[in-house]
Amino acid sequence: MLLTISLKGKNTQDLGYLLHKNPYRAQCFDLNFGKVYVFYPEVGDEKTTAALLLDINPVDLARGKVGSEKDGLFDYVNDRPYVCSSFMSTAIVRVFGTAVSGKCAKRQELADSKLDLEASISMLPCMGDIEFVKEIFEPLGYEVYTKSYVLDECFPEWGQSPYINLTIKGKVKLSELLNHLYVLIPMFDRQKHYYVGSDEIEKLIKHGEGWLSTHPCRNKIIRRYFSVCKSYANEAIKIISENELQYEAEQNTDFEKAGENTESKKPLNKRRLDTVLEKILESGSNRVIDMGCGDGKLTKMLLDEKSISKIAAFDVSVQALKRTAERLRLDTLSDVKRKKVDLFLSSLMYLDDRFKGYDCACIIEVIEHLDLNRLRTFENVVFGYAMPKTVIVTTPNIEYNKYYGISEEQLRHNDHRFEWTRNEFDNWCRNVCGKFGYTVKTDGIGDFNESFGSPTQIGVFTKCV
Ligand code: SAH
């Protein structure tokens, strides 16, 4: 299996910096399915080409050394060593990981620029469907060149081989090219070398950021990427199509800002987070997880709090996580503080084992972004699976919308799927307590109005012992 990447233009040896691989030294890496070689068949001022060659051991595969527990995933006679498949994606991230993430300490401006790049893939298993290959790569701005083969020249009636050689050319950033290949190569092949788990959704969101949500074949790509795991595909489609919207999610909606209270000068969002922090400290929690952390305002407050020893924060939106990382200044934090916080991409819809082991989980202004029919999954994940001693949930109080002058058909934010009255929130809280063995105290946050209550509702749940 061979992938070559060429840079054309001026000073093209800089490809070595971009890939973090010296053009004058061939390198070999051991991966669990075989060896990966990186070398440069061509180094020049106007064109430099890097090659990534995978040497897979078919016997290891058949014996189940890779990815399976007992028997091998593959028979002794298999096409894996010869076709471009998910092994190639794994190799790309292992060997060119920094380039995939778009970082290049020595030539950052180059990593951020669109360059004249070309990638060639040998033996792409696409069932000979060249039109489909074009449908996938052309919308991303590539020119597509393919070469097909007859299966056997002696037997023309056998027709064309299902494998093709593919070359794509375009003006793209190197990280874009690598992320496109990471997602799209295994999408052509239906056989994945590893068990598809829910962390695959995360990987797809990460590598598909900025292009997959708007690709005309988005759903087809996602379905094929997950192959037989249809539920993961459906979940990923939902998250990826909503992602753009979600990261726009504002902590203080325009209505809340406009109706900002006279009694207190503090914005509602600040009062909300101060109240949440107060409740966390009252509960005596040391380890706290901020679920759906948005741009990390609460996470930052927790980081500065001495009595909190461990913080995890996650969100389903890559953009939100980037903003959290910036707010926390993750790059420049002292070692002690850096170790205190774990920031990761995940979803409240998964049973993710990283959610376990915390004293307190905060879900602040998040549930109203979930479809009502997914609340049950959310409850199972937080109260049935993560099961922290304390859970703090906040959500808008729809009754207060009248005070903001919002009509009955409207909600506070475009992405809100529902908003509840105080009664509805109370009922939901009590129902959750009954199902999962918690007690709850509900209250309001923000200026109190006799008829409508307060703008935000809070529920502090405590696990029964
Ligand atoms: N808790 C933050 C952000 C609230 S905005 C704060 O109070 O400031 C709502 C956030 O929920 C968004 O960042 C959105 O991306 C996130 N979100 C929506 N659905 C999610 C899901 N299924 N899993 C995790 N986060 C989700």
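None of the values given here were measured: they were computed from a predicted structure.

Asker: So what exactly am I meant to see when it comes to the nonpolar core here?
Answerer: Most often, soluble globular proteins keep nonpolar side chains buried together rather than apart. Counting 76 residues, the largest nonpolar core has Leu54, Phe137, Leu174, Leu177, Leu184 and Phe188 as the members making the most contacts within it. Here this core takes 10 residues from helix α7 (residues 174-188), the largest share from any one element. Both domains that meet at this core, namely domain 1 (2-195) and domain 2 (265-463), each give it at least three residues. With 33 residues, the next largest nonpolar core counts Val366, Phe378, Val381 and Phe436 among its residues.

Asker: Help me understand the sheet that holds strand β6 (residues 143-150) in this model?
Answerer: For sheets, the rule is that strands pair by backbone hydrogen bonds, running either parallel or antiparallel. In space, the 7 strands of this open sheet follow the order β2-β3-β4-β1-β5-β7-β6, with antiparallel pairing throughout. For this open sheet the edge positions go to β2 (27-31) and β6, each flanked by a neighbour on one side alone. Ignoring strand direction, the axes of neighbouring strands in this sheet form an average angle of 15°. For strand β1 (residues 2-8) and strand β5 (residues 115-125), the ladder comprises 6 bridges, and the chain directions are antiparallel. Each residue of the ladder has a partner; that of Lys8, found in β5, is Asp116. Running over the sheet, helix α6 (residues 130-137) touches β6 and β7 (160-172) and is turned about 160° from β6.

Asker: Sorry, what's going on with the packing of helix α3 (residues 86-95) against α7 here?
Answerer: In helix packing, the relevant descriptors are the interaxial angle and the interaxial distance, both defined with respect to the helix axes. The geometry of α3 relative to α7 is characterised by a closest axis approach of 7 Å and an angle of 155° between their N-to-C directions. Here α7 runs roughly antiparallel to α3, going by the angle between their axes. Crossing handedness for the pair α3 and α7: left-handed. Listed contacts from α7 to Ser86, Met88, Ser89, Ile92 and Val93 of α3 are Leu178, Leu181, Tyr182, Ile185 and Pro186. Of the residues belonging to the contact of α3 with α7, the class tally is 8 nonpolar, 2 polar and no charged.

What counts as what
- Residues numbered from 1 in each chain as written.
- Predicted model: local features only at pLDDT ≥ 70, side-chain atom pairs only at ≥ 80, totals over all residues.
- Heavy atoms only, no water.
- Core = buried A, V, L, I, M, F, W, Y, C linked by side-chain atoms within 4.5 Å.
- Buried < 20%, exposed > 50% of the residue type's maximum accessible area, 1.4 Å probe, protein only.
- Helix = DSSP H or I, 4+ residues; strand = E, 2+ residues; numbered from the N terminus.
- Domains from an automatic or database assignment.
- Pairing = 2+ DSSP bridges.
- Axes fitted to C-alpha atoms, helices over the stretch in contact; angles between N-to-C directions.
- Contact = heavy atoms within 4.5 Å.
- Parallel < 35°, antiparallel > 145°, perpendicular 65-115°, else oblique.
- Left-handed = near helix turned anticlockwise from the far one by under 90°.
- Nonpolar A, V, L, I, M, F, W, Y, C, P; charged D, E, K, R; others polar.

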